[in-house]
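What follows is each chain in one-letter form.
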Amino acid sequence: MSDARADESMRKMQEFTFAYGFDHLRLLLWVIRQLAHGYPLTPQQVDQGIAELGIASDAAHQFLREVAERDADNQIIGAMGLSLSLSDHPHQMSVGSTLLSAWCALDTLFLPAMLQQTVTVTSPSPVNGELILLKVSPERVVEVSPPNAVLSYMLIDPFQSDLASVHALWGAFCCHIHFFGSHDEAERWIKGRTDIVVLTVEDGFALARQMWSKALPDLYSE
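So, a few notes on the structure that sits alongside this text. The numbering scheme is per chain: residues are counted from 1 as the chain's sequence reads. With the structure being a predicted model, the display of local features is reserved for residues of pLDDT at least 70 and the display and counting of side-chain atom pairs for 80 or more, all residues being used for whole-chain, interface and lining totals. Remark: hydrogens and water are excluded; side-chain values derive from all non-hydrogen atoms of the structure.

### Quick look at the overall build of the protein
The criterion, for reference: Here a strand is any run of E in DSSP of at least two residues, a helix any run of H or I of at least four, and the numbering for each starts at the N terminus. Here the globule rule reads 2.2 Å times residues to the power 0.38, and the radius of gyration is calculated from C-alpha atoms. Relative accessibility decides the category of a residue: with a 1.4 Å probe and only protein chains considered, values under 20% of the type maximum give buried, values over 50% give exposed, and everything between is partly exposed. Residue contacts are defined here by distance: any two heavy atoms, one from each residue, within 4.5 Å place the two residues in contact. Per-residue accessibility takes into account occlusion by the displayed protein chains alone, with areas from the Shrake-Rupley method and a 1.4 Å probe. Charge counting follows a simple rule: Lys and Arg are positive, Asp and Glu are negative, and His as well as the terminal groups are ignored. By convention, the point assigned to a charge is CZ for Arg, NZ for Lys, CD for Glu and CG for Asp.
Summing up its helical and strand segments, the protein has 8 helices and 11 strands in all. Its C-alpha atoms give the protein a radius of gyration of 17 Å, within 12% of the compact-globule value 17 Å for 222 residues. Projected onto its principal axes, the C-alpha positions of the protein cover 50 × 40 × 35 Å. Considering the protein as a whole, with its 222 residues, one finds that 53% of them fall into the buried category. The long-range share in the protein, meaning contacts at least 24 apart out of those at least 6 apart in sequence, stands at 63%. About 10000 Å² of surface is accessible on the protein, with carbon and sulfur atoms providing 50% of the total. Of the charged side chains in the protein, 14 are positive and 27 negative, and the gap between their average positions amounts to 3 Å.

Listed below in structure tokens is the structure:
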């Protein structure tokens, strides 16, 4: 990585996600891939999925309470970066013919590997609303416009932070991670903060890969 602080922060995030355990990571991947079809998951569908995966029900539901976004009917509409809500998250993703959103800019860089599909991304700069456009495959960033676009990354120690709910994750981490049209634009938005760094999109992709390569190694097998 080009920024040692970001690399160390992501190493801790990697350990944090790995600690979810194999069964819960399988469940998370199942939920994300189901949501990519564009429909909420009902409680009954979730129960069926948990049963089919053969994992402990009580612990699985507790895990989903921490990582899943829900609607008023208690249906799951989002999980660990992917969401059906187009109004609550500005980072929009097209997966085939389905329009979805992501919780933060970094999510758009690892979700293609989880979905095993190439996605197109449209994300507005929080400074001036300029749309940053990307095409991201499971293996690489295919296209970026404007070509000098960057993203912000929040330096966080997940073991020292409250990330025990979706709303806590949004407030402590996701809301600080955006795409920008240029490095100077991102630096103006950061305004001298030392807990946020600016990365190229390619370095952001590598960071996202680092986050999940230990927890879900099959997604990144060469």
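### Brief notes about the pattern of salt bridges
This is how it is decided: We count a salt bridge whenever a side-chain nitrogen from Lys or Arg sits within 4 Å of a carboxyl oxygen from Asp or Glu.
Under the definition given, this model contains 6 salt bridges. Between D3 and R5 there is a salt bridge; the shortest N-O distance is 3.8 Å. The exposure class assigned to D3 is buried, which follows from its relative accessible area of 15%. D23 is the partner of R26 in a salt bridge, and the nearest nitrogen-oxygen pair spans 3.1 Å. Here the residue R26 and the residue D23 both occupy positions in helix α2 (residues 22–35), the gap between them amounting to 3 residues, near one helical turn.

### Regarding the packing of α2 against helix α4 (residues 57–67)
Cut-off, in case you're wondering: Axis definition: a line fitted to C-alpha atoms, over the contacting stretch in the case of helices. Angles run 0 to 180 degrees between N-to-C directions. Working definition: roughly parallel below 35 degrees, roughly antiparallel above 145 degrees, roughly perpendicular at 65 to 115 degrees, and oblique for all remaining angles. Less than a right angle of anticlockwise turn of the near helix away from the far helix marks a crossing as left-handed, whereas a clockwise turn marks it as right-handed. Gly counts as polar in this scheme, as do all residues outside two lists: the nonpolar Ala, Val, Leu, Ile, Met, Phe, Trp, Tyr, Cys and Pro, and the charged Asp, Glu, Lys and Arg.
Where α2 contacts α4, the axes come no closer than 10 Å and their chain directions differ by 55°. As judged from the angle between their axes, α2 and α4 are oblique. Both α2 and α4 take part in a crossing whose hand is right-handed. Contacts between α2 and α4 pair H24, L27, L28 and V31 from the former with A59, A60, F63, L64 and V67 from the latter. Taken together, the residues of the contact of α2 with α4 break down into 8 nonpolar, 1 polar and no charged.

### What about the sheet that holds strand β5 (residues 98–102)?
The line we're drawing: A pair of strands is labelled paired if DSSP reports no fewer than 2 bridges between them.
With respect to topology, 8 strands assemble into an open sheet ordered β1-β2-β3-β5-β4-β6-β7-β8, the strand pairing being antiparallel. Every interior strand has two partners, whereas the edge strands, β1 (68–70) and β8 (141–145), have only one. In this sheet, strand β6 (residues 119–124) lies alongside strand β4 (residues 91–95) in antiparallel orientation, the contact comprising 3 bridges. Bridge pairing in β6 links M93 to V121. Most of the contacts of α2 go to strand β2 (residues 76–79), to which it runs at about 120°, and overall it touches β2, β3 (82–83) and β5.

### Structural notes on the side chain of T98
When you line up the elements, T98 lands in strand β5. Leaving out residues up to four positions away in the same chain, T98 has contacts with A36, H37, G38 and M93.

### Quick look at the layout of surface pockets
Using the following cut-off: Cavities and pockets were defined on a 1 Å grid built over protein atoms only: a cavity is a set of grid points that admits a 1.4 Å probe from which the probe cannot escape, a pocket is an open set flanked by protein on both sides within 12 Å along at least five of seven lines, and lining residues are those with an atom within 4 Å of any such point. Grid points are joined across faces, edges and corners, and a volume is the space filled by probe spheres set on the points.
There is about 160 Å³ of room inside the largest pocket. Looking at the largest pocket, the residues that line it are F22, L25, R26, L29, A215, L216, P217, D218 and L219. Here the lining of the largest pocket is built from residues that sort into 7 nonpolar, no polar and 2 charged.

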